Structure formats: C-alpha cells, structure tokens
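Single-letter residue listing:
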Amino acid sequence: MQGINGIILIIIIACLLPYVFTLIAKSTGGFQAKDNQNPREFLAKTTGLSARANAVQQNSFESLPLFIAAILMAEYMVIPERFILALGWAYIVFRVIYGICYLANWATLRSIIWLFSILCPILLFVITIKIT
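Here the structure is a predicted model, which means the values were calculated and not measured.

Caption draft 1: Representation of the packing of aromatic side chains in the model. Evaluation of the coordinates by the stated rule reveals 4 aromatic pairs. Between Phe94 and Phe116 the ring centres are 5.5 Å apart and the planes differ by 35°, which places this aromatic pair in the tilted class. Remark: Phe116 occurs in helix H5 (residues 107-131) and Phe94 occurs in helix H4 (residues 81-104); sequence separation between them is 22 residues. Classification of Phe94 as partly exposed rests on a relative accessible area of 22%. Residue Phe116 is classed as partly exposed on the basis of its relative accessible area, which comes to 38%.

In structure tokens, the structure reads:
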C-alpha cells in the first residue's frame, strides 16, 4: 500500500500491536473472567512468559506516541512518502521482532532490536528537520 493509505495502515498496526501482546499475557497467565474486575492487578502478578508479554505490551504503548508524532510530523511537512513508509514499516517489523525476543527471553538481542525500532521515528524527525 502506498500514499496516505499506507501511512494510515502503519499507524493502525502500530496502535493494535500492543494489544496482541496483552492477549498473549492474559492467555498464558491463566486470565479468567473473574480477573476482569482488576486486570492490571492480575497482569502485575504474572510471571514468566505472561510477565514478559505484559512488559512488551507496556513498552509498546510507551514507544507509540513518539512513533505517531514522527509519522504525522513527517506527513505534515510533506516528506517524501517513500521515507515515511520505509521507516514506518521498519518500525513495525522491529517491534514485532522485539516482542518475539522479549517472549523468548533473549535480553541482549531484544535491547539491540529495541534500539533499531526507536531509531526509526528519530530518523523521521531528523529527515523532517533536514528537509524543511
């Protein structure tokens, strides 16, 4: 997908990705309907894979504002869409790999992938500053 539709799709995927890890955290932690009274307390008490999935979910939400701001600012400043799309899809791919590394408990690789993922919106800001 190209153009504004591609950018909208990237933003939607980035916004939904944390919920994938929320579902993993709940399903692997034994979440039941009765736990829905206080799901944050339930997730805070999880361990192992469930706790790591919850951490991915939290980190995904934390990085989302920077990513969305970078995408929207680049689009607003009329940065060539090939740059926006390339860095947007790279961010999505790195965030998925980051989640997999977190779930697999590969701490060093996870940190490296996290750095690559956070560089995507930072590079969008740099490109926006340089071109404008």
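Caption draft 2: Broad picture of the UniProt feature "transmembrane region" (unreviewed entry) in the protein. In the UniProt entry, the feature "transmembrane region" (unreviewed entry) is given for residues 6-25, 83-105 and 111-129. With 100% helix and 0% strand, the stretch residues 6-25 has end C-alpha atoms that lie 29 Å from each other. For residues 83-105, the end-to-end C-alpha separation is 32 Å, with 96% helix and 0% strand making up the annotated structure.

Caption draft 3: Main features of the packing of helix H1 (residues 3-28) against helix H3 (residues 48-76). Their axes nearest at 7 Å, the elements H1 and H3 cross at an angle of 165°. Judged by the inter-axis angle, H1 sits roughly antiparallel to H3. In the packing of H1 onto H3, the handedness of the crossing is left-handed. For the contact of H1 with H3, the class distribution of residues is 20 nonpolar, 6 polar and 1 charged.

Caption draft 4: How the structure looks around the confidence of the model for the protein. For the protein, the average pLDDT comes to 93, and 97% of its residues sit at 70 or higher. Per-element confidence in the protein ranges from a low mean pLDDT of 86 for helix H2 (residues 39-44) to a high of 97 for H4.

Caption draft 5: Seen up close, the side chain of Ser63. Tracing the sequence through the fold places Ser63 in helix H3. Overall, Ser63 belongs to the buried group, its relative accessible area being 4%. At a separation of 2.6 Å, a polar atom in the side chain of Ser63 contacts the side chain of Tyr91. With near-sequence residues (within four places) excluded, Ser63 lies in contact with Tyr91, Arg95 and Ile118.

Caption draft 6: Just the nonpolar core, in detail. Counting 18 residues, the largest nonpolar core has Ile7, Ala14, Phe67, Ile71, Ile84, Tyr91 and Leu124 as its most contacted members. Elements with a minimum of two residues in this core: H1, H3, H4 and H5. Residues contacting Ile71, with those up to four places away along its chain left out, are Ile7, Ile11, Ile84, Gly88 and Leu124. Judged by nonpolar contacts, the second largest core, of 13 residues, contains Leu17, Leu43, Ala55 and Tyr102.

Caption draft 7: Examining the pattern of salt bridges more closely. Scanning the model with the defined rule gives 1 salt bridge in all. Among the ionic pairs, Lys45 bridges to Glu41, the shortest N-O distance being 3.0 Å. On the basis of relative accessible area, Lys45 is assigned to the exposed category, the value being 61%. On the accessibility criterion, Glu41 (40% relative accessible area) is partly exposed.

Caption draft 8: Inspection of unusual backbone geometry at higher detail. Phi at Val78 takes a positive value of approximately 60°, unusual for a residue other than glycine. Its location among the elements puts Val78 in the loop between H3 and H4. Despite not being glycine, Asn105 has its phi angle at roughly 65°, a positive value. One can find Asn105 in the loop between H4 and H5.

Conventions used here
- Residues numbered from 1 in each chain as written.
- Predicted model: local features only at pLDDT ≥ 70, side-chain atom pairs only at ≥ 80, totals over all residues.
- Heavy atoms only, no water.
- Phe/Tyr/Trp six-rings, centres within 6.5 Å; stacked < 30°, edge-to-face > 60°.
- Helix = DSSP H or I, 4+ residues; strand = E, 2+ residues; numbered from the N terminus.
- Buried < 20%, exposed > 50% of the residue type's maximum accessible area, 1.4 Å probe, protein only.
- UniProt positions renumbered as here; feature names shortened; annotations may be inferred.
- Axes fitted to C-alpha atoms, helices over the stretch in contact; angles between N-to-C directions.
- Parallel < 35°, antiparallel > 145°, perpendicular 65-115°, else oblique.
- Left-handed = near helix turned anticlockwise from the far one by under 90°.
- Nonpolar A, V, L, I, M, F, W, Y, C, P; charged D, E, K, R; others polar.
- pLDDT = per-residue confidence, 0-100.
- Polar contact = N/O pair within 3.5 Å; in protein donor to acceptor, adjacent residues only side chain to side chain.
- Contact = heavy atoms within 4.5 Å.
- Core = buried A, V, L, I, M, F, W, Y, C linked by side-chain atoms within 4.5 Å.
- Salt bridge = Lys/Arg side-chain N within 4 Å of Asp/Glu carboxyl O.

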